[in-house]
Amino acid sequence: MALLPDLGTEIVIPLCAVIGIVFSLVQWYLVSKVKVTPGAAGVDNGSNGYEHLIEEEEGVSGANVVAKCADIQSAISEGATSFLYTEYRYVGVFMAIFAVLIFIFLGSVKGFSTSKQPCTYDTEKLCKPALATAGFSTIAFLLGAVTSVVSGFLGMKIATYANARTTLEARKGVGKAFITAFRSGAVMGFLLAANGLLVLYIAINVFKIYYEDDWEGLFEAITGYGLGGSSMALFGRVGGGIYTKAADVGADLVGKVEMNIPEDDPRNPAVIADNVGDNVGDIAGMGSDLFGSYAESSCAALVVASISSFGLNHDLTAMCYPLLISSMGILVCLITTLFATDFFEIKAVKEIEPALKNQLIISTALMTVGIFIVSFTCLPSSFTIFNFGAQKVVRNWHLALCVCVGLWAGLIIGFVTEYYTSNAYRPVQDVADSCRTGAATNVIFGLALGYKSVIIPIFAIAVSIFVSFSLAAMYGIAVAALGMLSTIATGLAIDAYGPISDNAGGIAEMAGMSHKIRERTDALDAAGNTTAAIGKGFAIGSAALVSLALFGAFVSRAAISTVDVLTPKVFIGLIVGAMLPYWFSAMTMKSVGSAALKMVEEVRRQFNTIPGIMEGTSKPDYATCVKISTDASIREMIPPGALVMLTPLIVGIFFGVETLSGVLAGALVSGVQIAISASNTGGAWDNAKKYIEAGASEHARSLGPKGSDPHKAAVIGDTIGDPLKDTSGPSLNILIKLMAVESLVFAPFFAAHGGLLFKL
């Protein structure tokens, strides 16, 4: 028996979730103390907090700057909100249709009968009817979708609330600005982690009222939660990614390369759309994405546990092990966050990146201890885990090791990603150096860097799969994925910090603040760029483990004894599955290209036809550019989304479960590689450009200044990398997970009625 009684579990999980929510609200309150209304308490008497200004703004009065920042902030916030509302309207219709499909397909497994049926894994016992599982799966799907939307939306609201506040705090020094940006990121991280945990826990308890002792049916229905979370994340990631990159490419190509004006210059018509894009792509998209990973890894672990000794013996505490790991993660991240905001103060620019890296190291070290505490208090000393038809005997420290392997693999992937994308290291400096001879060599070096950066992360994933499977079969892999995501609150805080700093820099430029302020926000942004790449590394690594765990659950549920690659049914699936990430990437890249084309034409038109833009005497038409990005992204996100959502259905119905298992394996193997290389190539090109612009070393100064030929070559590389790192790369990890979780949800239907073509 576990040391923690069932009642303890029922108190601990919701308590940790509530602590996470309260902590995020406290951080929100602290951020809100920075005022963005000029003269709210009179700027002159210093009660606005600006009595410590390090240097007076050159020729710009305090009230004037604050008013400008407030205007720009509200424009960005309005643009982001209107885009998300439009996106959610379209996606809402899709979700409703898909919910009906889930109900019809799963209900028809036993011909919509309402009588009890023999259980799948223990045929002597009777379980609840298939129709009930259909209904509850549909409810769980909608719950996951709504939670995912709320996570993304809240993240975006917080980011647009904090961007101007970070700019204003930068007037007091880089430390104050860092704390504001980081706290805002923490609000999103903790809200998302706590909400995901709380909603899942409540759903399990509510469903249990009906299912009673039928835990197999209960946790099969809960898998809908992961499907809902991930399907929303796909549209959020693709739609947001197309939006942000269309604006970014348009703003860069015309503004920087053709008109020779700085980034985020208020004369650039696409500048507001560009800043809105940071929020809808990097914040709302990333939030939904990591929420999806979290929901799916929990669901995969719960499904396998429900048919292991935990589920068969109705041991609630051991069954909730995945949720208890996440609860411990919230507490660990809370302590870790205080290290960045309260225990140590940042005084110089060079301390920013180490402070963010320390967040990862501290959270991983504390979490390692936390994992062993949870494993020894919440698990029996020995138990059995379902392993493809047999029960494997596992010890509690085996599971603790599985979670730790995932956690540490995540850290390794994070640091390798940083090495290949940060301009403090050799790889990015080599890419920057290659700009001497033009854009072509820059592109060649960047692609080579991306391919090379795949090697170590893949070994890390391979080792964690081997170790965790050897110790605890498929359940081991599911909890290893959870281990990687256990510090999700800190990971998201670091990730959201990047776009907030980026926006802060844009606002400083548009409000005409002094050069020193812009230098500080640029320093925050450069560190944020690297940490965003680390966040993407985590998301891709966890996606690989999650989808493998879901794949294992699918194979068990569909009653496939072995997946034999040598049978033609499986091999055709394998080769088609490996092609899907390329097809998907082609769609998303082309979408960004065609949307950017419209944006470039509009920006050129404004520069040519509106007199006085370049002189600053008339304002550009920002709204048209925002509308172009919105319309293009909504229109273009449907085909890639449909490809991912329909593939498992078509393959399962017409070709059957064996071919589908091949498709899932193929997509997993090729998708992970492309995703890592695309994200790192794009990140490296971006930071090579920033390396030249910052001119911090002798080598960097020899390539600059802004506007030089090497700088122009770097801007072209950065522009090519934009859709790779912010649209195709991050969306691929959702493709891998989503196809696996969808196959798992529909597994009963495919097993009963699939493979029509082979039955002819």
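Scroll up for the structure.
Residues numbered from 1 in each chain as written. Predicted model: local features only at pLDDT ≥ 70, side-chain atom pairs only at ≥ 80, totals over all residues. Heavy atoms only, no water.

Each α-helix winds once per 3.6 residues, and so residues spaced three or four apart point in a common direction. Over its 31 residues, helix H14 (residues 455-485) runs only 22 Å from end to end, short of the ideal 45 Å by more than 12%, given 1.5 Å per residue. At Ala472, H14 is bent by approximately 135°, the largest bend along its length. (Helix = DSSP H or I, 4+ residues; strand = E, 2+ residues; numbered from the N terminus. Expected span 1.5 Å × (residues − 1). Bend = angle between axes of the 7 residues up to and from the residue.)

Let us now look at the pattern of salt bridges. Evaluation of the coordinates by the stated rule reveals 27 salt bridges. Asp525 is the salt-bridge partner of Lys690, the closest N and O atoms lying 3.8 Å from each other. Pair noted here: Lys690 is in helix H18 (residues 622-694) and Asp525 is in helix H16 (residues 515-557), with a separation of 165 residues, a long-range link. Across the pair, exposure class does not vary: Lys690 and Asp525 are buried alike. A salt bridge links Lys725 to Asp686; the nearest nitrogen and oxygen atoms lie 3.5 Å apart. Placement of the pair is Lys725 in helix H20 (residues 709-753) and Asp686 in helix H18, with a sequence separation of 39 residues. The two residues Lys725 and Asp686 agree in class, both being buried. A cluster of three or more residues bridged by salt bridges with shared partners is formed by Lys245, Asp248, Asp525, Asp686, Lys689, Lys690, Asp718, Asp722, Lys725 and Asp726. (Salt bridge = Lys/Arg side-chain N within 4 Å of Asp/Glu carboxyl O. Buried < 20%, exposed > 50% of the residue type's maximum accessible area, 1.4 Å probe, protein only.)

Relative to the elements of secondary structure, Thr9 occurs in helix H1 (residues 6-32). For Thr9, a relative accessible area of 1% gives the class buried. Discounting residues that sit within four places of it in the chain, Thr9 has contacts with Leu4, Pro14, Tyr201, Thr317, Cys320 and Leu324. (Contact = heavy atoms within 4.5 Å.)

The next point concerns the nonpolar core. As a rule of thumb, soluble globular proteins bury nonpolar side chains together. Among the nonpolar cores identified, the biggest contains 228 residues, and Phe178, Phe310, Tyr321, Ile352, Tyr475 and Phe554 are the most heavily contacted of them. Of the residues forming this core, the biggest block, 23 residues, is contributed by H18. With residues near it in sequence (within four places) discarded, Tyr321 still touches Ile371, Val374, Ser375, Leu379, Leu399, Ala400, Val403, Tyr475 and Val479. (Core = buried A, V, L, I, M, F, W, Y, C linked by side-chain atoms within 4.5 Å.)

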